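This is what each chain is made of:
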Amino acid sequence: MAAGALDGTKVVELGQMVSAPFCAKLFADYGADVIKVEPPGGDVVRGWGPFPGDTPHPEKSGLFFYLNTNKRGVTLDAGTDRGRELLLKLLADADVLIENHLPPVLRERRLDYDTLAAANPNLVVISITPFGQSGPYSEWNGYDLNAFHLSATGSRYCGKPGEAPLEHGTFSADFYGGMTGAAWGLAAVYGREVCGGGQHIDVSTAEAIAATFVGGQNIGGYAQDGKFEKRTSVGMPLGAPATIMPCKDGHVWMLALEPGQWNGLAQVMGNPDWMQLEMFQDMFTRAQNSDAIYPLIEEWTMQHGKMEIMEKCQAAGCPVTAVFTVAEAAEHPHLAAREFLIDLEHAELGKVRSLGPPFKLPECPGGASRPAPLLGEHNDEIYGGALGLDAAAVAALREDGII
Amino acid sequence: MARALPLKNIRVANFGWVWAGPVTGQTLGFLGAEVYKIESQARIDLTRTLPPFGEGVRDPNRSLSNHACWAGNGSISLNLKKPEALEIARQFIGECDVVIENFGPGVMTKLGLGYDNLRKIKSDIILFSMPAAGLYGPLKNVRTYGLSLTSITGLDSLVGYHGGPPIPVENAYSDPYNGIMGAFAVLTALSYRNRTGKGQHIDYSQAEAVMQMVGPAFMDYELNGRVAGPLGNRHPLAVAAPHGVFPCTGDDRWISIAVHTDEEWAGLVEAMGKPDWATADALATTAGRVSSLDDLHEKVAAWTAGFDDRELAETLQKHGVAAAPVFNVADLLSDPHYRARKTFVEVTHPLGFKETIYGAYVKTSAAEAAVRPGPVIGQDNEHVFKTLLGIADDRYQQLVNDEVIY
């Protein structure tokens, strides 16, 4: 396997669901040695699917497969004294712990940051939770959906006025928070010498989005002028055309704001007279007349396919794109040319395609070479090997349900 | 005890434009790096022209929405249309560890700032390029805006009310996402340089990074050939119910409720006062609840509609139910949780007005992130050009007069 950027970095993941596993996957994709520690019953995602043929099987969850490539897996009951001791041994020479428990859980298990730092002062602990380690909601129960909507993203930017604000249709807050934890956590690892050791990286998934997405563009104006805006279900209400529109075989992201873009669209549409009218030469006046122009554009889009519209508009200098289905996105020749999708052989799933790493490092490509671990697959290798327990000791741990 | 920030010895030249590139610089800046945006009065960044403005004064140095996203970057002004400015930019890059850019593929090369040139100036330079779809491949020149980039990843096809058409997200979620993920990319390359002494040219496709979020639906397509549509607020893998946003008293007030386990369901039933419909055996299991999702959601909505969102969230949390108010923009500023975490901070801009920006959106125990307001265009010119590059006073003045430093 090619050298990875993070070769030699030892990561322990004590995570379930999406946020911490995604964070650890980013480390694993670029060469870090990641040991995923699951409770004896396994990460709950093993029960989430999607499963081939919708038949549940703890080794066949597609989401588990995607989120846990390139990791080795052990089981451990961290709620028991012996399990806790074993975990501390794993952490003794680790560089990073990535975890996503609600804060009271690790405190009760005496695995809070202060305890971990006392045992290994060089350890960087990345905690990724909906609400963070401090503040009035830090003890709250919460999942991706709760965190996402605490960020005001749905209220401000997604959904129809007066109707329910919307999530992205994925684990949007978990992905965002997991990625954020990876960036800040890796910085802490990189800078351990100048910082004088490890530290605790506290990510609230809600806060990361509230600040950097919604806050960035809205809070300055609101704090000064006391005014704020809400979702409209139109892509960009102030300029037009700028929204998702139906076409013959699906949808397109219709965008033509600058004069050159508008002229490009007009050309593709066959230069209809109405598009030359003075009142439609400016994106703002077009938006003020959106009731008039959107139906006229839609009349045209409904006669054409999304790929054709995208291709012709792009060639005419107009940034219209097709709204790709997941299948169209996955099968696009662009991704094939970039070798973005990767094949991995899995003991239970067989050969499965997965998404490749998010960016390319030509000097040290890394990338996934190992499928997600089976439950406890590396117990013998890690407890027997790295931790030096003999076979009888590992067998005893297994018998007592610790691993 | 405050310790040093982890990236304190790193210097970054940021050619990033609009939002994503500036956020990469900001993230590295929050973490201690010395970051300078290279910009110019000759071509003012679009985001500097967006209202509202500090104290209502229209000025490219007073755009409030621009500041939060750029805070942490310094600024030097070079008019890159002038050969002398490019020469100074190259000289500056010689003093940097990292160069960030989010132009289209090939633009840096046309400017004479391609990777091959940069490594001649500094052999271990890290060039971070983040075009929409990467540096090569048939879509490499695709034109998108940040808010439409998600359309070519499959993500937009999942957003909307269940069973309805896709609904656009009205701003570029992908921009700050890629900005922060970009900082991770730069850090992987810095880590590699630390071990080997080698720099490199990172090929970051914003679309491929965003596509990571489509993982759950992608795997269902791979394993079952199924193509997902808009999901609303439903659980992406249909293993939790209720799982949605429900109305509360007041105008546009909502509560999010996500029930994954039987214990959480029991807590919700208890909080609702154990109505007959909720204690039915059919709803005792996740499978049962998921199979009657629409009906379940209707009944829960009828119940939540009589309560204040914050009070109801507190009550449900006491019963162990994952519930939280659905915030609007105004709530972000007044909410006690975000106040306690100092998510937003009031700062004094170099031009003298007060403004509110986001602070350290991640809490670090060793030392708090370095949050600085601004930047004003060219605020660091004297420091960088005179002190760092050693340009003499009279030549500096000439460069300003010639609108090279501009």
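Residues numbered from 1 in each chain as written. Chains lettered and ligands numbered in written order. Predicted model: local features only at pLDDT ≥ 70, side-chain atom pairs only at ≥ 80, totals over all residues.

(A) Representation of the overall build of chain A in the model. What chain A contains, in helices and strands, is 18 helices and twelve strands. With the C-alpha coordinates of chain A rotated into their principal frame, the extents come out at 85 × 50 × 40 Å. Here chain A holds 403 residues, and the buried ones make up 58% of them. Contacts spanning at least 24 positions in sequence make up 70% of the contacts within chain A whose residues lie at least 6 apart. (Helix = DSSP H or I, 4+ residues; strand = E, 2+ residues; numbered from the N terminus. Buried ≥ 20, exposed ≤ 12 C-beta atoms within 10 Å, placed from the backbone. Contact = placed C-beta atoms within 7 Å.)

(B) Geometry of the overall build of chain B. Each helix and strand counted, chain B has 17 helices and twelve strands in total. In terms of overall dimensions, chain B has a C-alpha envelope of 85 × 50 × 40 Å along the principal axes. Within chain B, buried positions represent 56% of all 406 residues. In chain B, the proportion of contacts linking residues at least 24 apart, taken out of those at least 6 apart, comes to 69%.

(C) Summary view of helix H1 (residues 19–29) of chain A. Residue and element names in this part refer to chain A. H1 sits mainly inside the fold: eleven of its eleven residues count as buried. Within the span of H1, buried status applies to Ser19, Ala20, Pro21, Phe22, Cys23, Ala24, Lys25, Leu26, Phe27, Ala28 and Asp29. Of the residues one or two after H1, Gly31 is the one with positive phi, at around 105 degrees.

(D) Examining unusual backbone geometry more closely. Note the cis peptide between A:Ala240 and A:Pro241, where omega equals -5 degrees. Examined against the element boundaries, A:Pro241 turns out to sit in the loop between helix H10 (205–225) and strand E7 (242–247). With an omega of 0 degrees, the peptide bond between B:Pro51 and B:Pro52 qualifies as cis. Despite not being glycine, A:Ala152 has its phi angle at roughly 75 degrees, a positive value. Note on placement: A:Ala152 falls in the loop between helix H6 (144–150) and helix H7 (153–157). The exposure class of A:Ala152 is buried, given the 28 C-beta atoms found within 10 Å.

(E) Representation of the interface of chain A and chain B. Each side of the interface is counted separately: chain A has 121 residues, and chain B has 128 residues. For the side of chain A that touches chain B, the per-class residue count stands at 71 nonpolar, 39 polar and eleven charged. Inspection of the sheet shows strand E6 (residues 200–204) of chain A paired to strand E12 (residues 363–364) of chain B by two bridges, in the antiparallel sense. Paired with A:Asp202 across the bridge in E12(B) is B:Lys363. (Nonpolar A, V, L, I, M, F, W, Y, C, P; charged D, E, K, R; others polar. Pairing = 2+ DSSP bridges.)

(F) Highlighting the domain arrangement of chain A. Per the domain assignment, the segments of chain A are domain 1 (10–212 + 341–399) and domain 2 (242–329). Spacing between the C-alpha centres of domain 1 of chain A and domain 2 of chain A amounts to 42 Å. (Domains from an automatic or database assignment.)

(G) Seen up close, the pairing of strand E2 (residues 33–38) of chain A. Residues and elements named next belong to chain A. Here E2 lies mainly inside the structure; six of its six residues are buried. Neither face of E2 is left uncovered, since the one carrying Asp33, Ile35 and Val37 and the one carrying Val34, Lys36 and Glu38 both have all their residues buried. Here four bridges tie strand E1 (residues 10–14) to E2, and the two strands are oriented parallel to one another. By the bridge assignment for E2, Lys10 is matched with Asp33. Note: E2 against strand E3 (residues 71–75), five bridges, orientation parallel. In the sheet register, Val37 faces E3, and the bridge partner there is Val74. Crossover E2 to E3 through helix H2 (residues 62–67) is right-handed. (Right-handed = clockwise from strand over helix to strand, strands pointing away.)

(H) Expanded view of the domain arrangement of chain B. What the domain assignment reports for chain B is domain 1 (11–204 + 340–401) and domain 2 (243–333). Just the C-alpha atoms count here: the centres of domain 1 of chain B and domain 2 of chain B sit 42 Å apart.

(I) View of the sheet that holds E2(A). Spatially, the seven strands line up as an open sheet ordered E3(A)-E2(A)-E1(A)-E4(A)-E5(A)-E6(A)-E12(B), and their pairing is mixed. Only two strands of the sheet have a single neighbouring strand rather than two, namely E3 of chain A together with E12 of chain B. Docked against the sheet, H1(A) engages E1, E2, E3, strand E4 (96–99) and strand E5 (124–129) of chain A, running at close to 165 degrees with respect to E1(A). Relative to the sheet, helix H8 (residues 172–190) of chain A contacts E4, E5 and E6 of chain A together with E12 of chain B, its axis offset from that of E5(A) by approximately 165 degrees. (Axes fitted to C-alpha atoms, helices over the stretch in contact; angles between N-to-C directions.)

(J) Fine view of the nonpolar core. Core analysis: the biggest nonpolar cluster contains 248 residues, and A:Met179, A:Ala183, B:Val99 and B:Phe128 have the highest contact counts within it. Setting aside anything within four residues of it in sequence, one finds B:Phe128 in contact with B:Thr24, B:Val98, B:Val99, B:Ile100, B:Gly182, B:Ala185, B:Val186, B:Ile202 and B:Tyr204. (Core = buried A, V, L, I, M, F, W, Y, C linked by C-beta atoms within 7 Å.)

(K) Local environment of the sheet that holds strand E12 (residues 359–360) of chain A. Taken in spatial order, the seven strands make up an open sheet running E12(A)-E6(B)-E5(B)-E4(B)-E1(B)-E2(B)-E3(B), and their pairing is mixed. This sheet does not close on itself; its edge strands, each paired only once, are E12 of chain A together with strand E3 (74–77) of chain B. Bridge count between E12(A) and strand E6 (residues 200–204) of chain B: two bridges; the pairing is antiparallel. What sits directly across from A:Phe359, in E6(B), is B:Tyr204.

(L) How the structure looks around the confidence of the model for chain B. Per-residue confidence for chain B gives a mean pLDDT of 96, with 100% of residues at or over 70. This complex was scored by the predictor with a pTM of 0.98 and an ipTM of 0.98. (pLDDT = per-residue confidence, 0-100.)

(M) Structural view of helix H7 (residues 174–196) of chain B. Residues and elements named next belong to chain B. Here H7 is 23 residues long and its end C-alpha atoms lie 32 Å apart, about the 33 Å a rise of 1.5 Å per residue gives. Judged by how many residues are buried, H7 sits mostly within the fold: 19 of 23 residues are covered. Directly beyond the C-terminal end of H7, a positive phi value near 80 degrees is found at Gly197. (Expected span 1.5 Å × (residues − 1).)

(N) Focus on the environment of A:Pro165. Counting through the fold element by element, A:Pro165 comes out in the loop between H7 and H8. With 39 residues separating them along the chain, A:Pro165 and A:Ser204 place their C-alpha atoms 21 Å apart.

(O) How the structure looks around the pairing of strand E4 (residues 98–101) of chain B. All names here are of chain B. In E4, alternate side chains face the same way, and those of Val98 and Ile100 on one face and Val99 and Glu101 on the other are all buried. Where strand E1 (residues 11–14) meets E4, three bridges bridge the pair, whose relative direction is parallel. Directly across from Val12, in E4, lies its bridge partner Val98. As paired strands, E4 and strand E5 (residues 126–129) are joined by four bridges and run parallel to one another. Residue Glu101 lies in a different strand from E5, and its bridge partner there is Ser129.

(P) Structural detail: the packing of H8(A) against H7(B). Two elements in contact, H8(A) and H7(B), have axes separated by 9 Å at closest approach and are oriented at 30 degrees. In terms of axis orientation, H8(A) runs roughly parallel to H7(B). Considering only the axes of H8(A) and H7(B), their crossing is left-handed. Along its contact with H8(A), which presents A:Tyr176, A:Met179, A:Thr180, A:Ala182, A:Ala183, A:Leu186, A:Ala187 and A:Tyr190, the element H7(B) presents B:Tyr177, B:Ile180, B:Met181, B:Ala183, B:Phe184, B:Leu187, B:Leu190 and B:Ser191. (Parallel < 35°, antiparallel > 145°, perpendicular 65-115°, else oblique. Left-handed = near helix turned anticlockwise from the far one by under 90°.)

(Q) Molecular detail of the environment of A:Asp249. Residues and elements named next belong to chain A. In this fold, Asp249 is placed in the loop between E7 and strand E8 (250–255). Spatially, the C-alpha atoms of Asp249 and Pro365 are 38 Å apart, while their sequence positions differ by 116 residues. Discounting chain neighbours no more than four positions away, the residues touching Asp249 are Gly305 and Lys306.

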